[in-house]
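# Descriptive structure summary
Listed below, chain by chain, are the residues.
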Amino acid sequence: MSKNIEISIQNESALSPIPRKKLLKEWVRAALGAQVEMAQITLRFVDAPEGQSLNREYRQKDYATNVLTFTFNDDMPQIDGMPLLGDLVFCGAVIEREAIEQNKPLLAHYCHMVVHGTLHLQGFDHIEDDEAETMESLETQIVMSLGYDDPYLAEK
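Predicted model, so just to flag it, every value in this text is computed and none were measured. (Residues numbered from 1 in each chain as written. Predicted model: local features only at pLDDT ≥ 70, side-chain atom pairs only at ≥ 80, totals over all residues. Heavy atoms only, no water.)

### Section: the UniProt feature "binding site: Zn(2+)" (unreviewed entry) in the protein chain
Under the present numbering, the feature "binding site: Zn(2+)" (unreviewed entry) in UniProt falls on His116, His120 and His126. Structurally, His116 is set in helix H4 (residues 106–121). By relative accessible area, His116 is classed as buried at 11%. When sequence neighbours within four positions are dropped, the list of residues in contact with His116 reads Val67, His126, Met135, Glu139 and Tyr152. With respect to the helices, strands and loops of the structure, His126 is situated in the loop between H4 and helix H5 (129–145). Judged by its relative accessible area of 37%, His126 is partly exposed. Within the structure, His126 has its side chain in polar contact with the side chain of His116 (distance 3.3 Å). (UniProt positions renumbered as here; feature names shortened; annotations may be inferred. Helix = DSSP H or I, 4+ residues; strand = E, 2+ residues; numbered from the N terminus. Buried < 20%, exposed > 50% of the residue type's maximum accessible area, 1.4 Å probe, protein only. Contact = heavy atoms within 4.5 Å. Polar contact = N/O pair within 3.5 Å; in protein donor to acceptor, adjacent residues only side chain to side chain.)

Dropping the structure here:
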């Protein structure tokens, strides 16, 4: 069976440049791995006001965050042949600030956030310690396979 992965990119950010589309798509595909055969994912890049508004509306947190994940078939049972559907919303200003604070290359941090959000689309989470350990390990493996340093190295 051939893969049917559709990735759309929307740049609504007037302030922050975004990584090249080819890289973004490569990062998403790497995070989807071999287990996802079908997906329709939109990557949307926004400025802080939209990021804050979405975070406030959907998470009741009144600040812009680095990435928000919206999974459309999250509450439905997984049916064979059903694509993974969702949106990832990135706030470039937050990602840029974090990269500086964490002393990481901006491109490497963008890669980490794309991988992080794509794993959320697949049901991974980091609320409980054991879930966080599993997700962080997978993120590290994927990000490093793409040629970047361990995204958690500077934070540990």
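### Details of the pattern of salt bridges
Summed over all chains, the structure comprises three salt bridges. Between Arg56 and Asp62 there is a salt bridge; the shortest N-O distance is 2.5 Å. Among the residues examined, Asp62 registers a relative accessible area of 48% and is labelled partly exposed. For Glu101, the salt bridge identified is with Arg97, shortest N-O distance 3.3 Å. (Salt bridge = Lys/Arg side-chain N within 4 Å of Asp/Glu carboxyl O.)

### Overview of the side chain of Thr42
Within the secondary structure, Thr42 is located in strand S2 (residues 38–46). The class for Thr42 is buried, based on a relative accessible area of 16%. Once residues lying within four places of it in the same chain are set aside, the contact partners of Thr42 are Ser8, Gln10, Gly86, Asp87 and Leu88.

### What about the sheet that holds strand S3 (residues 67–71)?
Each strand in a sheet pairs with another by means of backbone hydrogen bonds, the pair being arranged parallel or else antiparallel. With respect to topology, four strands assemble into an open sheet ordered S1-S2-S4-S3, the strand pairing being mixed. Each end of this open sheet is capped by a strand with a single partner; those strands are strand S1 (4–11) and S3. The sheet shows a mean angle of 15° between the axes of neighbouring strands, direction not considered. Summarising the sheet, S3 and strand S4 (residues 84–91) pair through five bridges and their orientation is antiparallel. Within the sheet, the bridge partner assigned to Leu68 lies in S4 and is Val89. Packing of helix H1 (residues 21–32) onto the sheet brings it into contact with S1, S2 and S4, and relative to S1 it is tilted by some 135°. The sheet contacts of helix H2 (residues 48–59) involve S2, S3 and S4, and relative to S3 the element is tilted by about 50°. (Pairing = 2+ DSSP bridges. Axes fitted to C-alpha atoms, helices over the stretch in contact; angles between N-to-C directions.)

### Side note on the environment of Phe45
Note that Phe45 resides in strand S2. The class for Phe45 is buried, based on a relative accessible area of 1%. Along the sequence, Phe45 and Gln10 sit 35 residues apart, while their C-alpha atoms lie 6.2 Å from each other. For Phe45, the contacting residues outside a window of four places in its chain are Ile9, Gln10, Asn11, Glu12, Ser13, Ile18, Leu24, Phe90 and Tyr110.

### Things to note about a positive patch on the surface
A cluster of basic residues, Lys3, Lys21, Lys25 and Arg29, forms a positive patch on the protein surface. Following the sequence through the fold, Lys25 ends up in helix H1. The partly exposed category is assigned to Lys25, whose relative accessible area is 32%. (Patch = residues over 30% accessible without salt bridge, like charges linked within 9 Å, V, L, I, M, F, W, Y side chains within 5 Å. Areas by Shrake-Rupley, 256 points an atom, 1.4 Å probe, with all protein chains shown as cover. Lys, Arg positive; Asp, Glu negative; His and termini not counted. Charge placed at Lys NZ, Arg CZ, Asp CG, Glu CD.)

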